Amino acid sequence: MLFLVAALLLFGAVLGTVAHAPFTFTVVAAAVIAAWLGIFALRERHARRHASTR
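Residues numbered from 1 in each chain as written. Predicted model: local features only at pLDDT ≥ 70, side-chain atom pairs only at ≥ 80, totals over all residues. Heavy atoms only, no water.

J.: Where do I start with the overall build of the protein chain in this structure?
T.: For the protein chain, the count of helices and strands is two helices and zero strands. For 54 residues, the compact-globule estimate of 2.2 N^0.38 gives 10 Å, and the C-alpha radius of gyration of the protein chain, at 17 Å, exceeds that figure by more than 25%. Each principal axis of the C-alpha distribution contributes one length, and for the protein chain these read about 50 × 35 × 5 Å. Split into buried and exposed, the 54 residues of the protein chain put 0% on the buried side. Accessible area of the protein chain: about 5,200 Å², with a carbon and sulfur share of 76%. (Helix = DSSP H or I, 4+ residues; strand = E, 2+ residues; numbered from the N terminus. Rg over C-alpha atoms; globule rule 2.2 N^0.38 Å. Buried < 20%, exposed > 50% of the residue type's maximum accessible area, 1.4 Å probe, protein only. Areas by Shrake-Rupley, 256 points an atom, 1.4 Å probe, with all protein chains shown as cover.)

J.: What am I meant to see in a nonpolar patch on the surface here?
T.: A cluster of nonpolar side chains, Met1, Leu2, Leu4, Val5, Leu8 and Leu9, forms an exposed patch at the surface whose accessible area comes to about 710 Å². Tracing the backbone through its elements, the reader meets leucine 9 in helix H1 (residues 2–20). Among the residues examined, leucine 9 registers a relative accessible area of 61% and is labelled exposed. (Patch = residues over 30% accessible without salt bridge, like charges linked within 9 Å, V, L, I, M, F, W, Y side chains within 5 Å. Salt bridge = Lys/Arg side-chain N within 4 Å of Asp/Glu carboxyl O.)

J.: Quick question: what am I supposed to make of the environment of histidine 46 here?
T.: As for its placement among the helices and strands, histidine 46 is situated in helix H2 (residues 23–52). Residue histidine 46 is classed as partly exposed on the basis of its relative accessible area of 49%. Measuring from C-alpha to C-alpha, the distance between histidine 46 and proline 22 comes to 36 Å, with 24 residues separating the pair along the chain.

J.: Is there a simple way to explain the environment of alanine 47 in this structure?
T.: Its location among the elements puts alanine 47 in helix H2. Residue alanine 47 is classed as partly exposed on the basis of its relative accessible area of 42%. Residues alanine 47 and glycine 16, 31 residues apart in the sequence, show an inter-C-alpha distance of 36 Å.

No statement about biological role is implied by the geometric values presented.
This is the structure we're talking about:
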């Protein structure tokens, strides 16, 4: 329960910050985060494929 409260507080702080940031900054930041998550997902998939064949 405490984790949920902390997550919601953090989520609210992030959304509050984005609401006051310029739109172009928000779009660029979202693109950077999406690319980072995509690269992370590909690396994890690649690592799991090679780990299961050993």
